[in-house]
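For reference, the chains in residue letters:
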Amino acid sequence: MEKITSLAKRRGFVFQSSEVYGGQNGAWDYGPLGVELKNRIAAAWWKEMTRLNDDIVGLDAAILMHPRTWEASGHVENFTDPLVDCKKCKSRFRADQVPEENIAAKKCPECGGELTDTRKFNLMFKTHIGPAEDSASVIYLRPETAQGIYVNYKNVIQSNRMKIPFGIAQIGKAFRNEIVTKNFIFRTCEFEQMEMQFFVKPGSDEGWFDEWRKRRWAYYEKLGVRMDSLRWHRHGEGELAHYAKDAYDIEYLFPMGWRELEGVHNRTDFDLNRHAQYSGKDMQYIDQDGGNERYIPYIIETSAGLTRTLLMILCDAYDEEKVADKGNDDDWRTVLRFHPVIAPITVAVLPLMKKDGLAETALEIRRDLQDDFAADYDQGGAIGRRYRRQDEAGTPFCVTVDYQTKEDGTVTLRFRDSMEQVRIHRDELAARLHGEIRSYKRA
Ligand code: ATP
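Computed from a predicted structure; not experimentally measured. (Residues numbered from 1 in each chain as written. Predicted model: local features only at pLDDT ≥ 70, side-chain atom pairs only at ≥ 80, totals over all residues. Heavy atoms only, no water.)

## Here we look at the overall build of the protein chain
Part 1: Looking only at helices and strands, the protein chain has 14 helices and 23 strands in total.
Part 2: By its C-alpha atoms, the protein chain is 75 × 65 × 45 Å across when sized along the principal axes.
Part 3: Scored against the burial criterion, the 443 residues of the protein chain give a buried share of 50%.
Part 4: In the protein chain, the share of contacts with a sequence separation of at least 24, taken over all contacts with a separation of at least 6, comes to 64%.
Part 5: Per element, the accessible surface of the protein chain, about 21400 Å² overall, is 47% carbon and sulfur.
Part 6: Here the protein chain contributes 64 positively and 71 negatively charged side chains, and the mean placements of these two sets differ by 2 Å. (Helix = DSSP H or I, 4+ residues; strand = E, 2+ residues; numbered from the N terminus. Buried < 20%, exposed > 50% of the residue type's maximum accessible area, 1.4 Å probe, protein only. Contact = heavy atoms within 4.5 Å. Areas by Shrake-Rupley, 256 points an atom, 1.4 Å probe, with all protein chains shown as cover. Lys, Arg positive; Asp, Glu negative; His and termini not counted. Charge placed at Lys NZ, Arg CZ, Asp CG, Glu CD.)

Written out as structure tokens, the structure is:
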């Protein structure tokens, strides 16, 4: 993880939040390459969910919601972690992550000092809306994006004439006052989620649950993730959330071990029932094709962290490869093997030399490519060094402009993964790149 954290900082993927003030725990900033990567991961998910599914539409709900939402959803009452503090070294732990014998003996696992009693700690960030800071003005930063979808489900049915089964997808920020934030951007207080809520007829929920598990698994395969680093974990009785009938996590083998990446949950009719009860509004679906039968739909949820997916992608793409045998630093290259669809830079155009008009030609080629691709231009330093820089940024294709380009219009196209080079005409570049991206398979 240290190597990934330092590469992320060095190359401008992720910076510590407010670093000049010593950093802000639980928050991170995304630099020039990081924001591109994040946007692209989000776009790939959005395309998969909405564009490739006729029966799923998008939504972007507000972060601030009516506080009753969180009473109805159960978050005010249940969204807690058990917290213990050490009276001696002041360390703070989630009680469920401390060995049971330490809790029983009230002994700090770090210094052996005395632990406090376990108390419940609500993970929602609370603030006030308006000038008065009283109980009537309390408002929460949403801890999940899902509730914004549930309270809008009737609006979406009416405005878009959706028929069950259908889904609503949303990407957005969520906030949790996590007790322990470590492992870089894995668990943070401010993060982004990519959630899809699929509304189905009760009785068909188990079939749809299996279907969505299959689709989400296939999605990671399509993204080129190493599939032996993914596994399913089914929630046992004690693990199931208060709303869930069944739940599976997709776990990834992060450097610190297997951890949750995405959850697929059968949330039943719990949330819509509760919103009906707390708002007094009718949340039933009227099945106009089924004799006007009325029912509260069941909901299958797929919930992935966007920022956690970005960490997974960084870990999964990271590779160190021996490429020479000269006995110096140049023998090794660090390469991020991103799928070209999500790589922050798709193609870099490099003039062999700055002089003799090569830079101008390279800039011209880059301009031609810019409309279709995220195209970078780099003229600084030896060509080998520039390739390495692009490898480290995860750029799948490099185009080199040399003296022959001036004569016959051909360029060198270099592939990141194999380091192979082919010579093609500059006019064929765009079509070739589109083809390479479409047929990309991770070696
Ligand atoms: P965990 O057990 O890791 O706290 P959870 O089971 O509470 O997670 P969900 O409520 O199911 O997580 O959230 C769905 C997804 O949102 C998770 O799979 C994860 O990818 C992401 N996520 C949840 N909490 C955080 C966080 N604090 N920081 C970053 N991503 C998060």
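## A short note on the site of the ligand
Part 1: In the vicinity of the ligand, 15 residues are found, and the nearest of them are Glu178, Arg187, Thr188, Glu260 and Leu261.
Part 2: Glu260 has a polar side-chain atom sitting 2.7 Å from an oxygen atom of the ligand.
Part 3: Within the backbone of Gly305, an N or O atom sits 2.9 Å from an oxygen atom of the ligand.
Part 4: Compared with its free state, where it exposes 590 Å², the ligand has 85% of that area covered by protein.
Part 5: Looking at the shell around the ligand, the elements with two or more residues in it are β10 (190-200), β13 (257-268) and β16 (298-305).
Part 6: If one sorts the elements of the shell around the ligand by residue count, β13 sits on top with four residues.
Part 7: Residue composition of the shell around the ligand, by class: four nonpolar, five polar and six charged. (Near = heavy atom within 4 Å. Polar contact = N/O pair within 3.5 Å; in protein donor to acceptor, adjacent residues only side chain to side chain. Nonpolar A, V, L, I, M, F, W, Y, C, P; charged D, E, K, R; others polar.)

## Quick look at the pairing of strand β23 (residues 421-425)
Along any regular strand, the residues point their side chains to alternate faces of the sheet.
Part 1: Pairing of strand β22 (residues 410-415) with β23 involves five bridges; the strand directions are antiparallel. Across the sheet, the residue bridging to Thr412 is Arg423, located in β23. (Pairing = 2+ DSSP bridges.)

## A few points about the nonpolar core
Part 1: Grouped together as the largest cluster of nonpolar side chains are 53 residues, with contacts concentrated most on Phe13, Leu37, Trp212, Tyr220, Ile313, Leu314 and Phe338.
Part 2: At the level of elements, α1 (2-10), α2 (32-51), β10, α8 (205-222), β12 (246-254), β13, β16 and α10 (306-317) are the ones that each hand at least two residues to this core.
Part 3: If near-sequence neighbours (up to four positions away) are discounted, Tyr220 is found in contact with Val225, Met227, Leu230, Ile250, Leu261, Glu262, Ala304 and Met312. (Core = buried A, V, L, I, M, F, W, Y, C linked by side-chain atoms within 4.5 Å.)

## Comments concerning the sheet that holds strand β5 (residues 92-94)
Part 1: The three strands are arranged β5-β4-β6 in an open sheet whose pairing can be described as antiparallel. Every other strand in the sheet has two partners, leaving β5 and β6 (119-122) as the edge strands with one partner each. Here the average twist between neighbouring strands, direction ignored, is 45 degrees.
Part 2: As paired elements, strand β4 (residues 80-85) and β5 share three bridges and run antiparallel to each other. By the bridge assignment for β5, Asp85 is matched with Arg92. (Axes fitted to C-alpha atoms, helices over the stretch in contact; angles between N-to-C directions.)

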